[in-house]
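These are the residues of each chain, in order.
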Amino acid sequence: MDARDSNRPAAPAGRRLSRLGPLAAAAALSSALPACVDAVTVEQPPPPAALGVNESRTLTLEFLRFDARGFAKTLTLEELRALPRPTLEGIWLLDLDISTLIENALLKVMYMPPAEIAALPPAAQNLVGLLNMTPENADLRGTSLEGLLGVGNAVGIPTSKILSDLVGAAGNERIIPVELTAQAVLENLVSTHPNTKTRRGPPSDEHPDGVYPVAPHSIPVTLHDVVTDFAGLAGQFGPAPLDPDDPDGAKHPGFIKAASGVKAALDDFTMTVKVDVNALPYKGVDATAADVASVNSTPGQIDTLFDFSEPDWLVLDNLSRNLSIGELTLAIPESPMHLPGGTNKEPTPRGDSPVWEQPLWEFEHILARAGELRAAQLEDHCSTYGPQGTSTSDYQPVKVCVDGAAWTEISVDESVVLEEPPPASYFWDILLEVAQARLHDGGLAEGEADIEVTLRDVPVGVKTDDLVASIKENLSSDPAVLKDMAIELNDNSAGDADFYLYQPSIESGVAGQRDYLYFVAPDDIRKDAEGARVREYAYAHPGFFADPELTKKVSTTEEIDGDTLHEKVEVEPGDALYFEDDEGRRYEIRIGDKPSAHRLSLTLTRLN
């Protein structure tokens with residue numbers, strides 16, 4: 001049966017029309033038809049019946065090429081959104097560093113107008129106070145440092161002076177700088193979320209499972225995020241199983257409660273890609289149907305599809321100039337129990353506070369980490385204080401010492417002790433005690449101080465030009481990420497081939513002179529309108545064999561024209577090969593004659 005006259009399988013219902021295919025078809029027709037002709041309708045006969053055992057059918061395959069060089073395709077925002085969601089989600093663009101976003105969010109909290117603060121829940125109001133805590137305004141009530149207030153009243157030593165020297169900050173300078181708080185939030189809350197640790201990508205030699213690490217302090221961004229204005233932020237970075245393979249196991253609480261008003265791609269956003277591609281499908285054989293089928297030619301060309309040496313291989317127009325989040329609700333959980341500061345140097349280097357045994361993302365652990373970061377900036381010193389500050393007289397009732405490990409000791413002369421002096425502890429233990437007391441102001445009990453705060457117009461802190469440069473660099477280093485989209489743009493599969501005909505390229509100098517049969521790979525399985533594969537890759541023995549028992553494989557994945565994905569074998573008239581389809585049926589292929597340079601006949605016989 002000649003392939004030109006054979007019953008070609010119809011394109012699957014619901015599939016989009018090929019975006020490059022019509023280009024190739026139009027070019028072929030314009031060269032073949034010298035003048036206009038009347039349109040005709042060709043009735044397609046029903047497909048042939050499947051082969052019975054020991055039945056044979058002769059088919060003719062044709063190798064066709066239409067090379068589109070430097071073909072530029074521009075996709076609008078609407079067209080991109082019409083692509084299957086799995087395709088868009090599979091196109092990783094960059095790991096977006098959100099350090100600036102977190103710092104900007106904390107600054108928004110710190111400088112919130114009084115009217116907005118008054119409208120916040122009590123725990124969020126307390127957070128505003130903690131972020132703005134200075135030696136001058138520090139409230140020591142309910143802590144072991146409260147006794148210093150009495151000392152100050154008794155001998156005229158300002159408590160703020162002691163605290164100021166202790167932390168190495170001016171009286172009105174914040175005890176914990178915002179950048180250190182942001183770092184603690186990033187380390188303990190953001191970077192512990194499973195979706196900021198890893199992302200999915202195409203399997204590779206280095207990542208055979210398709211799981212890739214995410215850059216520190218970053219969130220992975222896909223094309224789906226950009227064209228949907230990051231609509232999935234709350235779902236992606238809300239509560240999630242710590243182990244993706246155990247959805248019922250322990251969960252991370254997440255850090256984004258809600259997000260909206262992100263405008264990444266403007267309404268007139270376009271994405272233009274320039275490709276070099278053979279736009280025609282490969283012709284192969286669906287053994288189950290014993291008929292000719294079409295295999296999308298794009299997967300085997302992915303390494304040569306884009307010319308990354310050309311700066312305009314990818315152009316993104318009309319991205320938002322100043323990327324920001326219109327409304328962002330951040331969430332930080334509180335521990336359900338009070339966590340006292342430590343009072344012992346051991347175990348070094350953090351001491352014996354139970355806070356270090358709690359989940360990293362709890363607010364108390366974040367506070368302790370912020371204190372640890374601040375302690376790293378302290379210099380070891382001892383200061384003595386008399387009335388009106390540091391005194392050179394013999395009367396110095398207060399002494400504060402901090403060593404190189406941030407172990408802090410405050411002693412008060414017995415003549416003025418009103419209460420027990422605070423116990424020696426690490427610097428972060430002092431901070432933790434004060435912060436926990438203030439977190440529960442307003443009558444909040446332990447476990448009632450989970451923090452949720454909604455912020456508006458929070459800058460992400462990335463320039464559009466830097467964003468585009470990162471996207472282009474990442475995609476050029478891993479073009480396989482764009483494979484599914486390239487297949488969508490050149491969607492010309494029909495039927496479910498088990499193998500197809502390939503002839504090496506003109507660059508090899510032998511086009512039309514050597515014939516290879518390629519066994520299909522998982523990437524060749526066509527997809528439905530939602531981007532899901534229409535069948536599993538269920539081949540128990542992929543490839544071609546010299547014997548019906550499939551014990552002597554003759555195909556290899558040798559590199560031809562850049563392809564190392566497919567099992568392939570060179571064939572000549574008279575050769576006999578054997579293979580098994582995805583339903584476990586075995587077949588013989590008997591290679592016939594070549595009607596022309598780019599056509600090959602073969603006889604297919606079902607064996608079982």
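Keep in mind that this is a model prediction, so the values were computed, not measured. (Residues numbered from 1 in each chain as written. Predicted model: local features only at pLDDT ≥ 70, side-chain atom pairs only at ≥ 80, totals over all residues. Heavy atoms only, no water.)

### Structural notes on the sheet that holds strand β11 (residues 282-286)
Backbone-to-backbone hydrogen bonds pair the strands of a sheet. The strands run either parallel or antiparallel. Let me state the cut-off plainly: Any two strands are treated as partners once DSSP identifies two or more bridges connecting them. Helix numbering and strand numbering both begin at the N terminus, where a helix is a DSSP run of H or I of at least 4 residues and a strand a DSSP run of E of at least 2. Note on definitions: angles span 0 to 180 degrees between N-to-C directions of axes, and those axes are lines fitted to C-alpha atoms, for helices only across the stretch in contact.
Sheet architecture is open: five strands sit in the order β12-β11-β20-β21-β22, paired in antiparallel fashion. Bordering the open sheet on either side are β12 (291-295) and β22 (568-571), each of which pairs with just one other strand. Shown here is a sheet whose adjacent strand axes are inclined to one another by a mean of 35°, direction ignored.

### Topic: the sheet that holds strand β14 (residues 322-332)
Note the following rule: Working rule for contacts: check all heavy atoms of both residues, and any pair within 4.5 Å makes them a contact.
Read across the open sheet, the three strands follow the order β9-β14-β19; overall the sheet is antiparallel. Each of the sheet's edge strands pairs with one partner strand only, and the pair in question is β9 (256-260) and β19 (451-463). Averaged over neighbouring strand pairs, the angle between their axes works out to 30° when direction is ignored. Strand contacts of helix α4 (residues 99-110): β14 and β19, with the helix running at about 130° to β19, the strand carrying the most contacts.

### With respect to the state of the cysteines
In plain terms, the rule: In this description, a disulfide is simply a cysteine sulfur pair whose atoms lie within 2.5 Å. Burial here depends on accessible area, computed with a 1.4 Å probe over protein chains only, as a share of the maximum for the residue type. Under 20% is buried, over 50% is exposed, and the range in between is partly exposed.
Applying the stated criterion to the full structure yields one disulfide. One disulfide bridge connects Cys382 with Cys401, the sulfur atoms lying 1.9 Å from each other. One quick way to see it: the torsion about the S-S bond of Cys382 and Cys401 is about 120°, and its sign makes the bridge right-handed. In this pair, Cys382 is assigned in strand β15 (residues 381-385) and Cys401 in strand β16 (residues 398-402), connecting sequence segments 19 residues apart. Residue classification places Cys382 among the exposed positions, given a relative accessible area of 52%. Since its relative accessible area comes to 15%, Cys401 is described here as buried.

### Structural notes on the pattern of salt bridges
Put simply, the rule is: A carboxyl oxygen of Asp or Glu within 4 Å of a side-chain nitrogen of Lys or Arg is what we treat as a salt bridge.
Evaluated as defined, the whole model comprises 26 salt bridges. Measuring nitrogen to oxygen at the nearest pair gives 3.8 Å for the salt bridge that ties Lys345 to Asp403. One end of the pair, Lys345, is in the loop between β14 and α13 (363-375); the other, Asp403, is in the loop between β16 and β17 (407-412), with 58 residues separating them in the sequence. Here Lys345 falls in the partly exposed class, since its relative accessible area comes to 37%. Linking Arg585 and Glu583 is a salt bridge whose minimum nitrogen-to-oxygen distance equals 3.0 Å. Under the relative-accessibility criterion, Arg585 is labelled partly exposed at 24%. The exposure class of Glu583 is partly exposed, given its relative accessible area of 48%. In the salt-bridge network here, residues are joined through shared partners; they are Arg81, Asp229, Lys263 and Asp267.

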